[in-house]
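Inside the fold
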Amino acid sequence: MKQLKLLILRSTFLFVALVIPDLLYSQAQQVKGTVKEADTGEGLPGVNVLSKLSNNGAVTDIDGNFNITVSPGDTLVFSFVGYITEQVPVRNQTTINLSLREDIKALSELVVVGYGSQERARVTGAISSVNSEEIQEQPVASLDQALQGRAAGINVANSGSPGVSPLVRIRGMGTVGDNNPLYVIDGMPAGGLNEINPNDIESIEILKDASAAAIYGSRAANGVIMVTTKKGKRGKTQINLNSYAGVQTAWRQLDLLNREQYLAYGRDLLGDEIPLRFDDLGRFADVDTDWQDAMFRTAPIQDYNLSVSGGGENAVFNISGGYFNQEGIMVGTGFERYSFRANSEFNLGKFKVGQNLTLAYSNRNNEPYSSGRSQIEHMIKMIPYIPVYDDTRVGGFGGAETNELDGSDPENPVLNASLQRNIDQNMKMLGTAYVNYEIIDGLNYKFLVGLDMNFGYNDQFIPVYNSPGQYQYNALAQLDQTRSDFISPLFSNQLSYNKDFGNHHIDAIAVVERQTYTSRIMNATGQTELTSAIDVLGIGESPTIGGTRNEYALISYLGRVNYDYNGKYLFGASIRRDGGSRFGTEKWGTFPSVSAGWRISEEEFLRNISSITELKLRGSWGQVGNDKIGDYTYELTLAGQQFYTLDGQLVPGITARAMANPNVKWETTTMTNIGLDMGFLRNKLTASVEYFNNETNDMLLPVPIPPSKGYDVAPTANVGTVVNKGFELTANYNEMSGEFQWNIGGNISFIKNELTSLGIGNSVAGSGFITTGNPVTWTEEGQPIAFFYGWQTDGIFQNETEVEEHAFQAENTAPGDIRFKDINGDDEITAADRVNIGHFLPDFSYGINASANYKNFDLSMFFQGVQGNEILNTNRYHLEGMTRLFNSSTVVLDRWTGPGTSNTVPRAIVGDPNANSRISDRFVEDGSYLRLKNLTIGYTLPSSLFSRNGDGFIQRIRIYATSQNLLTFTDYTGYDPEIGVRTDLGNQGGQTQTLNSGVDFGQYPQPRTFIGGIQIGF
């Protein structure tokens, strides 16, 4: 049924694009005229005159005259840098004369800030904006994915797995815990961005300093991302149809051993104890499986959006619906979303009533993590002589046999993807409704009600497959189902005042609001040996059931005042007081901010310098908080499902596992920001420079306690201080003369992160490194958060003399083993010789965008990159570690086999007696990369094709082709230098996510995408 719907949609689009234009063809006409400067009355040369329907254009000559061919139903757009853009309907006119007024100050550009908006020229905080065109350029599932490289100071690491949210960090990391920013969608703090259609987004503002973000108080320490969805506009009803479809592929594959190379390598590694199958492959003698080809595929991606918008004098509306489907480039993964949005606003005298509503359903096929390993890990370790499919085995998939037969126990990743089911389904409703009453001129009261509601369902099923004696044997069909619901209502009372008194301007707001959060989770599991055909809990044996309920409430009082004199001297101040139920005796926190700005370009001594259009110096200081901890860490809580032995039997019980800390309070980040905004040549060239210093105190962290205390869960306390400081630069140049128009811009940010104190007296360790148990990251005073912690290497021992002359490493150290550096000089290699061997935060990150238009053609390119970061590539442990028999990289073919044969790849010896595979700089790589993130070429059909008698039904058709991740320049040897989230790791309040940043466990790589699309306006 779904395929039939998609076929009908595609057929309809094809009919509209090819047939209707011919039916609506009509004759065009010549229009001429003069454009003058409003104040002087002189002709204005170089004004762009653009057809709104066809993108045909002309430029006024030295006297301001122009001549252009258009259709009667067209509209001419007159634009010139530094002047207000005008639009004039053609109708039956053959001569159009008009005057343009200067808009040097650009005060009409509004920036969305917390609880309102501000004119760009009056902004004193650090705010970056991303518009809808930049968001829609990329074929992505969620809006946060599209932010990558678009704004200075924000780092985004996307996951290639469909529907998996990226890691988003604004101006570094301020805590070992949760570093995720706050998202505010149409005034409602909310999550679940996968259910928000990027096509519905009008703009995104990123609030980076306290002046902008402190209005959100206890939730703003990691930055705030403001999302505004599209609203209706007065005028004729507009219908827009946007769609694209394309394919995705893996942009890189690794060089792995084939069958013969694997057999030869295995004999060298294992010596006399080679597996029995090596001497007689039997029915597998002709099998040479490329497991990368078996797992990677060419995957389709498609997106369809239809919107209707318009309005009259007293009402506007925007309604849209969308369908998105992305299959993963790895078998068994994918994401699908249906979305609906309705926004409206009505003016009823002094009352203004409006609403924003999103409804969405999503379905995600998750990547399976079997035995704690990613699919990438299974894929690169799987035996090449084992077939993908094997009809002789239960379930029909190939796999390793006993240790004596194959000597190895990797899992068949295609089996995991095909037989094991793991899906997430979500139904989301997000909306706000408001009424605004104008009490007197400039004074308004607004009551807003918001609701964020989500119903989730996770369904996991593993059938019976394989047989006893075979690896990856599953004797019981297993079912695991989890149902969850989340409800968060918001009630907000807002009193605002906006008024001009001569040269004085005041903008103030006072708010009282309350937001609560309630989540419930119920989980049930069951298993049976009877059948795999019925996957319902009712037939299972040994069923278990459990559940949780969490509640959180936040009450807030806040106020903000912005003042400016003559648009020249700017001042702002805000304060917010939050009371949160996650805290005990310290429930309340106060978060102030102050800011000031000086528009130097408005001073008399600069007014006569025509090349300087804008020059504004601004600074801010303030405090913001982080409340992202568990809901009940301040008090003693009880845990069920604890078993005790009484009278020789296990009986269930309840106990307290975590010590209470009633004095726990907010993390507080003090932010200082200095910025300089510049505009030259009537804002053809604009630039912005920022310096920031953010210091986080009272960092929330689990504090280890001795077991003698009687608790096995560490209590949360306020310990530690973290500093993030750096510079940001954004620049943009526009050239809009003639039929050829172009733009180039970019941003770059430098960030330094340091943990300056850690009150618990211990370092904080990340997850263990494979089987060695050593932590992958370490956090301690004087270092950045979560640096890679291990040994430094110094080549390979070439002979016995070198072994004897070096510090002692192990009893069985021999030529061909790695030589590790004796850092502390005690003539022995121990854990005390571990040091900082790299960090995932880049020295700088950047984005470069360029676009051009010539007549009806358009071209855009977007590059994104990072420089100076390291990646801990654990895949190299599997591919080059040579600790036991698995498939490996072709790198092991160049292993040490005698003096002088290699100084980088050690000898092959089972058991790894020298611990060559311990965590060291051997596995740390330069993660720098430059990526052509997006390349788009488009063509807009001439308006004359579909206008008739001045009233064409179709207004615009644009067709385009886009490639995403077309080129990647990097020295990183893994699948992808962009390391996203490992989805199987528990979050623990964000700490696990933070402490494993930059570690490549075999995360899902980014796809290379090619799409074709069409945009139709009616």
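Residues numbered from 1 in each chain as written. Predicted model: local features only at pLDDT ≥ 70, side-chain atom pairs only at ≥ 80, totals over all residues. Heavy atoms only, no water.

Considerations on the overall build of the chain
Threshold: Secondary structure elements are defined from DSSP: runs of H or I of at least 4 residues count as helices, runs of E of at least 2 residues count as strands, and each element is numbered from the N terminus. Only protein chains enter the accessibility calculation, which uses a 1.4 Å probe; a residue whose area is less than 20% of its type maximum is buried, one above 50% is exposed, and one in between is partly exposed. Residues are treated as being in contact if the distance between any of their heavy atoms lies within 4.5 Å. The protein chains shown are the only cover counted for residues, whose accessible areas, like all others here, come from Shrake-Rupley with a 1.4 Å probe. Here Asp and Glu are counted as negative and Lys and Arg as positive; His is not counted, and neither are the chain ends. To locate a charge, take atom NZ for lysine, CZ for arginine, CG for aspartate or CD for glutamate.
Counting secondary structure elements, the chain contains 13 helices and 51 strands. The C-alpha extent of the chain, read off along each of the three principal axes, is 95 × 65 × 65 Å. Within the chain, the proportion of its 1018 residues that are buried is 54%. For the chain, contacts bridging at least 24 residues in sequence account for 71% of all contacts bridging at least 6. As displayed, the chain has an accessible area near 41800 Å², and 55% of this comes from carbon and sulfur atoms. For the chain, the centre of its 78 positive side-chain charges and the centre of its 112 negative side-chain charges are spaced 9 Å apart.

Here we look at empty space enclosed by the protein
Using the following cut-off: Whether a set of points on the 1 Å grid over the protein atoms alone is a cavity depends on a 1.4 Å probe fitting there but being unable to get out, while an open set qualifies as a pocket with protein on both sides within 12 Å along at least five of seven lines; lining residues are those with an atom within 4 Å of a point. Grid points are joined across faces, edges and corners, and a volume is the space filled by probe spheres set on the points. Charged means Asp, Glu, Lys or Arg here, nonpolar means Ala, Val, Leu, Ile, Met, Phe, Trp, Tyr, Cys or Pro, and polar covers whatever is left, Gly included.
Applying the stated criterion to the full structure yields nine cavities of 30 Å³ or more. Taken as a whole, the largest cavity encloses approximately 430 Å³ of empty space. The set of elements that each furnish at least two residues to the lining of the largest cavity consists of strand 11 (154-157), strand 12 (167-170), strand 37 (740-757), strand 44 (844-854), strand 45 (857-867) and strand 46 (870-873). Sorting elements by how many residues they give to the lining of the largest cavity places strand 11 first, with four residues. Class assignment of the residues belonging to the lining of the largest cavity gives a composition of 15 nonpolar, 14 polar and three charged.

Some points on the pairing of strand 48 (residues 929-940)
Spelled out, the test is: DSSP bridges decide pairing: two strands pair if at least two such bridges lie between them.
In the sheet, strand 45 pairs with strand 48 via 10 bridges, with the strands oriented antiparallel. In the strand pairing of strand 48, Q864 is matched with R931. Examined bridge by bridge, strand 48 and strand 49 (residues 956-970) share 11 bridges and lie antiparallel to one another. The residue of strand 49 that forms the bridge with R931 is T968.

What to know about the side chain of R876
Stated precisely, the cut-off is as follows: Polar contact is defined as a pair of N or O atoms within 3.5 Å, subject to the rule that within protein one atom must be able to donate a hydrogen and the other to accept it, and that residues adjacent in sequence are counted only when both atoms are side-chain atoms.
Looking at where R876 falls in the secondary structure, it is placed in helix 12 (residues 875-880). One polar contact links the side chain of R876 to the main-chain carbonyl oxygen of R922, over a distance of 3.2 Å. Residues contacting R876, with those up to four places away along its chain left out, are G881, R922, F923, E925 and T973.

A short note on helix 5 (residues 259-270)
Selection criterion: Expected helix span is taken as 1.5 Å per residue step, with the number of steps being one fewer than the number of residues.
Helix length check: helix 5 (12 residues) gives 16 Å between terminal C-alpha atoms against 16 Å at 1.5 Å per residue, within 8%. Turning to helix 5, its buried residues number three or more, namely R259, Y262, L263, Y265, G266, L269 and L270. Lining the buried residues of helix 5 we find helix 8 (403-406). The N-terminus of helix 5 is capped by N258, whose side-chain oxygen sits 3.3 Å from the backbone nitrogen of E260. Immediately downstream of helix 5, the backbone of G271 shows phi near 65°, a positive value.

Brief notes about the environment of S542
Looking at the element boundaries, S542 is found in strand 26 (residues 541-565). Sequence separation of S542 and T525 is 17 residues, and the distance between their C-alpha atoms is 8.3 Å.

Some words on the nonpolar core
The following threshold applies: We define a nonpolar core as any set of buried Ala, Val, Leu, Ile, Met, Phe, Trp, Tyr and Cys residues linked to one another through side-chain atoms lying within 4.5 Å.
Y262, Y265 and Y385 are the most contacted members of the largest nonpolar core, which has 41 residues in total. Looking at this core, the elements with two or more residues in it are helix 5, helix 6 (291-295), helix 7 (375-381) and helix 9 (413-419). The residues contacting Y385, other than those within four sequence positions of it, are R259, Y262, L263, R277, F278, L281, F284, V287, L405 and D406. Counting residues in hydrophobic clusters, the runner-up holds 35 residues, among them V176, V719, L758 and I919.

Focus: the environment of T585
Inspection of the secondary structure puts T585 in the loop between strand 27 (569-580) and strand 28 (588-599). For the pair T585 and E133, spaced 452 residues apart in the sequence, the C-alpha separation amounts to 48 Å. The residues touching T585, leaving out its near neighbours within four places in the chain, are P662 and N663. For T585, the side chain forms a polar contact with the side chain of N663, separated by 3.2 Å.

A few points about the packing of aromatic side chains
For clarity, the threshold we go by: Here is the rule: rings of Phe, Tyr and Trp (six-membered ring for Trp) pair when centre to centre is within 6.5 Å. Planes less than 30 degrees apart are stacked, more than 60 are edge-to-face, and the remainder are tilted. Charge-over-ring placement is defined geometrically: NZ (Lys) or CZ (Arg) within 6 Å of the ring centre, and within 35 degrees of the ring normal.
Under the defined criterion, the tally for this structure stands at 25 aromatic pairs. A centroid spacing of 6.0 Å and a plane angle of 80° characterise the contact between F591 and W666, whose relative ring orientation is edge-to-face. With a gap of 75 residues between them, F591 in strand 28 and W666 in the loop between strand 31 (649-656) and strand 32 (667-680) connect regions that are remote in the sequence. In this structure F591 comes out as buried when scored by relative accessible area, which is 1%. Connected via pairs of aromatic rings, a cluster forms that spans Y262, F278 and Y385. Geometry around F886 places K381 over its ring, the cationic atom sitting 4.0 Å from the centre.

Quick look at the sheet that holds strand 43 (residues 835-838)
Across the sheet, four strands lie side by side as 38-39-40-43; this open sheet has antiparallel pairing. The open sheet has two edge strands with one neighbour each: strand 38 (764-765) and strand 43. Note that strand 40 (residues 787-790) and strand 43 share three bridges and pair antiparallel. Residue pairing across strands places G790 opposite V835, the latter belonging to strand 43.

What to know about the sheet that holds strand 1 (residues 29-37)
What counts here: Axis definition: a line fit to C-alpha positions, over the contact stretch in the case of helices; interaxial angles, taken between N-to-C directions, run 0 to 180 degrees.
Pairing in this open sheet of three strands is mixed, and the strands run 4-1-7 from one edge to the other. Single-partner strands in this sheet number two, and they are strand 4 (65-70) and strand 7 (98-100). Averaged over all pairs of adjacent strands, the angle between their axes in this sheet comes to 40°, without regard to strand direction. Across three bridges, strand 1 lies against strand 7 in parallel orientation. Each residue of the ladder has a partner; that of V35, found in strand 7, is L98.

Examining the confidence of the model for the chain
Quick reminder of the rule: The quantity known as pLDDT measures the predictor's confidence residue by residue, on a range of 0 to 100.
The share of residues in the chain with pLDDT of 70 or more is 94%, and the mean pLDDT across the chain is 87. Segment residues 1-26: pLDDT under 50, and 40 contacts once partners within four positions in sequence are set aside and those in other chains are kept.

A look at unusual backbone geometry
Positive phi, close to 60°, is recorded for A786, a residue that is not glycine. As for its position among the elements, A786 is in the loop between strand 39 (777-779) and strand 40. Even without being glycine, D827 reaches a positive phi, approximately 65°. Mapped onto the fold, D827 is located in the loop between strand 42 (818-820) and strand 43.

Section: the pattern of salt bridges
To keep it simple, the criterion reads: Salt bridges are identified by distance alone: a Lys or Arg side-chain nitrogen within 4 Å of an Asp or Glu carboxyl oxygen.
Tallied over the full model, the rule gives 44 salt bridges. In this structure, the salt-bridge partner of D452 is K428, at a minimum N-O distance of 2.6 Å. Here D452 is found in strand 23 (residues 443-462), whereas its partner K428 is found in strand 22 (residues 421-440), with 24 residues between them in sequence. Comparing D452 with K428 shows no difference in burial state: the two are buried. Among the salt bridges present, the one from R876 reaches E880, with a minimum N-O distance of 3.2 Å.

Brief notes about a nonpolar patch on the surface
Quick reminder of the rule: Each patch is built from residues that are more than 30% exposed by relative accessible area and take part in no salt bridge. Like charges join if they lie within 9 Å; nonpolar side chains (Val, Leu, Ile, Met, Phe, Trp, Tyr) join within 5 Å.
Judged by side-chain polarity, F346, L348, F351, V353, Y437, I439, I440, Y445 and L495 come together as a nonpolar surface patch covering roughly 750 Å² of accessible area. At three residues, the largest contribution of residues to the nonpolar patch is made by strand 22. With respect to the helices and strands, the residue L495 is situated in strand 24 (residues 477-501). Classification of L495 by relative accessible area gives partly exposed; the value is 38%.

So, the side chain of D631
With respect to the helices, strands and loops of the structure, D631 is situated in the loop between strand 29 (612-626) and strand 30 (638-646). Among the polar contacts made by the side chain of D631, one reaches the side chain of N550 at a distance of 3.1 Å. Within the structure, D631 has its side chain in polar contact with the side chain of R582 (distance 2.7 Å). Those residues within four positions of D631 in sequence are excluded, and the remaining contacts are N550, E551, Y552, S581 and R582.

Side note on the environment of T777
As for its position among the elements, T777 is in strand 39. Each C-alpha atom, one on T777 and one on G790, is 8.6 Å from the other, the two residues being 13 residues apart in sequence. With residues near it in sequence (within four places) discarded, T777 still touches V764, A765, G766, A786, F787, F788, Y789, L995 and V999.

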